[in-house]
Amino acid sequence: MLEVKNLSKSYDGKKNACDSINLVIEPGDIYGFIGHNGAGKTTLLKSIAGIIDFDQGDVIIDNHSIKTEPLAAKKLFAYIPDNPDIYESLTGSQYLDFIADVFQVDLQKRARLIEKYATMFEIIGALNNPISSYSHGMKQKLVLISALIHEPKIMLLDEPFVGLDPKASFMIKEVFKEMCDQGSLIFFSTHVLEVAEKLCNKVAIIKNGKIVANGTTESILKDNSLESVFMELIKES
Amino acid sequence: MTYWKLLKIFFKENFSFNRFFGTDIRKNKKKAILLGLVILYAFGVFLFSFGYMFFDLGKILKEFDMLDTLLAFVFVYATAIAIMITLFRANGYLFRFKDYEILAPLPLKTRTVLFAKLTVMMAFIYMGLFFITLPIAFSYFWHSGFNIISLLLYLAGFLLIPAIPLIIFAFVSLLIARITSRFRGANYIYTIVMFAVLIGGMVWSFSFSFAGEDNPLLSQGGIFGVLEEYYLPLSWFKDAVHLHDPLAFIFLFLTHALPLVGFIFLISRLVVKTNQKGLSVVTGKNKKPLKYRERPLMESLVIKEARKFISVPIYTINSGFGPIIMILLGVLSLIFKTKIADFMGEMVGIEALSIDLLVMIIIGFSIAMVYTSAISLSLEGKSFWIVKSLPIKPQSIMLAKLIFNILLGLPFAVLAILLMGIAFEINVFSLMTMIGVALSISLSTSAIGSFINLHFPKFEFMNETEVVKQSVGALIGVFAGFGILVIDGVIVYFAMDQLGQNLALLLGGLANIAVFGIFLSLVLSASDRLFAKMKA
């Protein structure tokens, strides 16, 4: 389980990029996180992943605080940023080997999972090439594979569908569903409201660092589309 | 108009304080003061040591009415710096600039963009020239007496000198990049060729030297005679400034300013082509079977560092120069025993040193030139999110970077000491002492480098050159390494009479180990706190 408790983060000491955020995401959830540009989505995701420090509150990942037990917490999740800036000096397979080493994935398992996902995302033939020669989409796929090969219980993703081709987008959604069926949880930010509406069982909407709505997708939507709910909430608050 | 606007943006991108320091130092006064002091120290050390030598040389030359030789020094150093900077930067600034994708779709003339880019590159050259030639110019004007016409002609010449080497070596740099890019492992070949060019230049310049002069700079004089004979602009510059010869200045101006303008017109199309080529993405399949290898975390982290090191030529060439020098001297000492001993004596420039100490000084400087630990954290750049989000302790990350720095310098140092030990018949006890001291230098300089980079990381950069050559980490890292050697020198100097050479060296080594212990503990204790604060 992932629990965000009263989390606040300010970059300049004046305005909060995230303001007293509380969220509970349970195993099996595909939780969509929606907001306008600069609303605080990336800040929240980076705070949860322990990439940036936050001023107040805590993030609890399966009873481990990201502040006090960062290593134990980080072993449980995979984080995928909005921009796949990865080590260009390595080849695709060297990068995957590095991530597998960090998570101590044994040789057989890493070979099986790398080949499974690299085949699925159609980059198996490029894994021996340097990452510097990859397109944006290929890098995005490689980061996704690196996240999947250690079978994390929690996936934190920042705009995961940007840059992916339609087939890869479809495949990753299927993978998410499969993971959630097995008890993992997915927490991702997106601008694509349609994806959130169709894929997520829960959604949260953030505006100016504050959560303005969250809950099951049905309870948020009622009989409306997510787009109209989102536009209404953005106007209201 | 567009040129000035572009230039303003490029200068902001390249020369802002934030860019140099990697952080807004105004927000941290303590850091700003500390940095200011360190930079002042580095400049001070350079200006006083280099400055004193040239001041002394000026005095000698004045006696022989040869003060214009100082101008030859300015010319030769300026040319060498222009060659070095052009070789390393022309590719990134002219032929494959990172912001090509931003600039290409804008309604701008290629020539205007190119001119602005070239101006930025020349600004780098002039900054380097100013710093290196300031003590020489000071000595010249002090001894010859200040004269406004000489000064104006000097400044004009100063601006003109880099033009020809820039034009020639921009093409050399492009040619090397183009030829090597046709091969698999192009980066490695490029690095090897660049090393060959640099070392070739070094050997060539020393091959003209005269051994046994009092001032080590006198020994460089040999090169000027050859250069003046074949490269007339050197005499024109000297005659223009020293004799106020208008014709010489006109020759200098015409032969430098005009080709530079022609160069801009000539390479406009080429620049578009090379930049477009740089955007290509390899989508072909590599049918080599995939191989996986399981490694312990620390080994995996160190290998990641090694792969980064060998894949970025500017990083390899700058931080790998020390090991290359050590290996070359070690191997060559077996073949050219006396010549190498003379060569090392000239490099060190101190008379009456035993061969053991001479070897130790050269090895020490070569180890101090390995400064990956002072910049490798910065080189994580935009990929820093990876290690921050992974279950890896910040201490492990810093330790891996430190270990890599030691592995890059120490084995080569040991090998070079052994080879030179055989060549110069150094006794076993002295050899063991020297290896121990080399270990201590490697440990201490690596730990200081880690400490510096942890406190002054620079994650925002357009290309690695900014970190490897221009960052605070690089500057302080190298000078701190040299500082360790100065301390060792002082210890050995004062302890040698009482303790003898080997024990005095060991005492220096012990001081280094203490420095290593202090800085390592500072790095390990501060890593968690500082990593949490670093932006990713």
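See the structure shown above.
Here's a quick rundown of the structure. (Residues numbered from 1 in each chain as written. Chains lettered and ligands numbered in written order. Predicted model: local features only at pLDDT ≥ 70, side-chain atom pairs only at ≥ 80, totals over all residues. Heavy atoms only, no water.)

1. A few points about the overall build of chain B
Helix and strand counts for chain B come out as 23 helices and zero strands. A buried classification covers 51% of the 536 residues belonging to chain B. The contacts of chain B with a sequence gap of at least 6 include a subset with a gap of at least 24, amounting to 81%. Carbon and sulfur atoms form 70% of the exposed surface of chain B, whose accessible area is close to 25,400 Å². (Helix = DSSP H or I, 4+ residues; strand = E, 2+ residues; numbered from the N terminus. Buried < 20%, exposed > 50% of the residue type's maximum accessible area, 1.4 Å probe, protein only. Contact = heavy atoms within 4.5 Å. Areas by Shrake-Rupley, 256 points an atom, 1.4 Å probe, with all protein chains shown as cover.)

2. Focus: the interface of chain B and chain A
Accessible area lost on assembly of the parts is the figure often given for the size of an interface. Residue-level contacts link 35 residues of chain B with 43 residues of chain A. When chain B packs against chain A, close to 3,500 Å² is buried across both sides, 61% of that on carbon and sulfur atoms. Taken together, the links from chain B to chain A amount to zero salt bridges. Applying the counting rule to chain B against chain A returns 10 residue pairs in polar contact (both at pLDDT 80 or more). Listed by contribution, the elements that provide at least two residues to the side of chain B that touches chain A are helix 13 (297-311) and helix 18 (384-389) of chain B. No other element matches the seven residues that helix 13 of chain B contributes to the side of chain B that touches chain A. For the side of chain B that touches chain A, the residue count by class is 16 nonpolar, six polar and 13 charged. (Buried area = accessible area lost by both parts, 1.4 Å probe. Salt bridge = Lys/Arg side-chain N within 4 Å of Asp/Glu carboxyl O. Polar contact = N/O pair within 3.5 Å; in protein donor to acceptor, adjacent residues only side chain to side chain. Nonpolar A, V, L, I, M, F, W, Y, C, P; charged D, E, K, R; others polar.)

3. Side note on a nonpolar patch on the surface
Residue and element names in this part refer to chain B. Judged by side-chain polarity, Leu247, Ile250, Phe251, Phe253, Leu254 and Leu258 come together as a nonpolar surface patch covering roughly 560 Å² of accessible area. One can find Phe251 in helix 12 (residues 246-278). Residue classification places Phe251 among the partly exposed residues on the basis of a relative accessible area of 37%. (Patch = residues over 30% accessible without salt bridge, like charges linked within 9 Å, V, L, I, M, F, W, Y side chains within 5 Å.)

4. Some remarks on the sheet that holds strand 6 (residues 77-80) of chain A
Working definition: the strands of a sheet are paired by backbone hydrogen bonds and lie parallel or antiparallel to each other. Residues and elements named next belong to chain A. Here we have six strands laid out as an open sheet, ordered 6-7-8-3-9-10, and mixed in their pairing. A strand with exactly one partner marks an edge of an open sheet, and here the two such strands are strand 6 and strand 10 (210-216). With direction set aside, neighbouring strand axes in the sheet form an average angle of 15 degrees. The sheet contacts of helix 5 (residues 136-148) involve strand 6 and strand 7 (154-158), and relative to strand 6 the element is tilted by about 170 degrees. (Pairing = 2+ DSSP bridges. Axes fitted to C-alpha atoms, helices over the stretch in contact; angles between N-to-C directions.)

5. Things to note about the sheet that holds strand 5 (residues 64-65) of chain A
Residue and element names in this part refer to chain A. Read from one edge of the open sheet, four strands run 2-1-4-5, paired in antiparallel fashion. At either end of the open sheet lies a strand with only one pairing partner, and these are strand 2 (16-25) and strand 5. Relative to strand 4 (residues 56-61), strand 1 (residues 2-10) is paired through five bridges, and the arrangement is antiparallel. Looking at the pairing, Leu2 lines up with Ile61 of strand 4.

6. Examining the pattern of salt bridges
Pairing between side chains of opposite charge can happen when their charged atoms approach one another. Across all of its chains, the model carries 21 salt bridges over all chains by this definition. Among the salt bridges present, the one from Lys210(A) reaches Asp19(A), with a minimum N-O distance of 3.6 Å. Linking Lys210(A) in strand 10 with Asp19(A) in strand 2, this pair joins segments that are 191 residues apart in sequence. With relative accessibility at 44%, the residue Lys210(A) sits in the partly exposed group. What you see here is one network of salt bridges that share partners, running through Lys304(B), Glu305(B), Glu380(B) and Lys401(B).

7. Some thoughts on the nonpolar core
The nonpolar side chains of a soluble globular protein tend to be buried, and buried together. In terms of nonpolar packing, the biggest core is built from 176 residues, with Leu2(A), Leu44(A), Tyr95(A), Met155(A), Leu156(A), Phe187(A) and Ile363(B) touching the most fellow members. When residues of this core are assigned to their parent elements, the largest contribution, 12 residues, is made by helix 19 (residues 394-423) of chain B. Taken domain by domain, this core gets at least three of its residues from each of domain 1 (48-280) and domain 2 (297-536) of chain B. In this structure Ile363(B) touches Met326(B), Ala413(B), Ala416(B), Ile417(B), Met420(B) and Ala438(B), once residues within four positions along its chain are discounted. (Core = buried A, V, L, I, M, F, W, Y, C linked by side-chain atoms within 4.5 Å. Domains from an automatic or database assignment.)

8. So, the packing of aromatic side chains
Under the defined criterion, the tally for this structure stands at 37 aromatic pairs over all chains. Relative to Phe98(A), the ring of Tyr87(A) lies with its centre 6.1 Å away and its plane at 70 degrees, an arrangement referred to as edge-to-face. Taken together, the residues span a long stretch of sequence, with Tyr87(A) in the loop between strand 6 and helix 3 (92-102) and Phe98(A) in helix 3 at a distance of 11 residues. As far as burial versus exposure is concerned, Tyr87(A) and Phe98(A) are alike and both buried. Sitting over the ring of Phe124(B), Arg89(B) keeps its end group 4.2 Å from the ring centre. Positioned above the aromatic ring of Phe10(B) is the side chain of Lys117(B), whose terminal nitrogen or guanidinium carbon lies 4.3 Å from the ring centre. (Phe/Tyr/Trp six-rings, centres within 6.5 Å; stacked < 30°, edge-to-face > 60°. Lys NZ or Arg CZ within 6 Å of the ring centre and 35° of its normal.)

9. Examining the state of the cysteines
Residues and elements named next belong to chain A. One pass over the structure, following the stated rule, counts zero disulfides over all chains. Lacking any disulfide linkage, Cys18 is separated from the closest cysteine sulfur, that of Cys200, by 19 Å. Looking at the unpaired Cys180, the closest cysteine sulfur is the one in Cys200, lying at 9.3 Å. (Disulfide = S-S within 2.5 Å.)

10. Looking at the pairing of strand 9 (residues 202-207) of chain A
Residue and element names in this part refer to chain A. In terms of residue burial, strand 9 counts as a mostly covered element, since six of its six residues are buried. Every second residue of strand 9 is oriented toward a common face, with Lys202, Ala204 and Ile206 on one face and Val203, Ile205 and Lys207 on the other, all of them buried. Where strand 3 (residues 30-35) lies against strand 9, five bridges are found, and the strand directions are parallel. The partner of Gly35 across the bridge, within strand 9, is Ile206. With six bridges connecting them, strand 9 and strand 10 associate as antiparallel partners. Counterpart to Lys202 in the pairing with strand 10 is Thr216. Counting the residues in the hairpin turn of strand 9 and strand 10 gives two residues, including Asn208, whose phi is positive at 50 degrees.

11. Here we look at helix 5 of chain A
Here helix 5 of chain A contains 13 residues, and its C-alpha end-to-end distance of 19 Å stays within 8% of the 18 Å for a straight helix at 1.5 Å per residue. Of all the 13 residues making up helix 5 of chain A, 12 are buried; the element is thus mostly covered by neighbouring parts of the structure. Packing partners of the buried residues in helix 5 of chain A comprise strand 6, helix 3, helix 4 (107-120), strand 7 and helix 6 (166-181) of chain A together with helix 18 of chain B. (Expected span 1.5 Å × (residues − 1).)

12. A short note on a positive patch on the surface
Residues and elements named next belong to chain B. On the surface, Arg96, Arg178, Arg269, Lys273 and Lys277 cluster together into a positively charged patch. Looking at which element gives the most residues to the positive patch, the answer is helix 12, with three residues. Note that Arg178 resides in helix 8 (residues 163-181). (Lys, Arg positive; Asp, Glu negative; His and termini not counted. Charge placed at Lys NZ, Arg CZ, Asp CG, Glu CD.)

13. Points about unusual backbone geometry
Residue and element names in this part refer to chain A. Its identity is not glycine, yet Asp62 carries a phi of approximately 45 degrees, on the positive side. Residue placement: Asp62 occurs in the loop between strand 4 and strand 5. Asp62 sits in the partly exposed class, given a relative accessible area of 22%. The phi dihedral of Asn63 is positive, around 70 degrees, even though this residue is not glycine. Within the secondary structure, Asn63 sits in the loop between strand 4 and strand 5.

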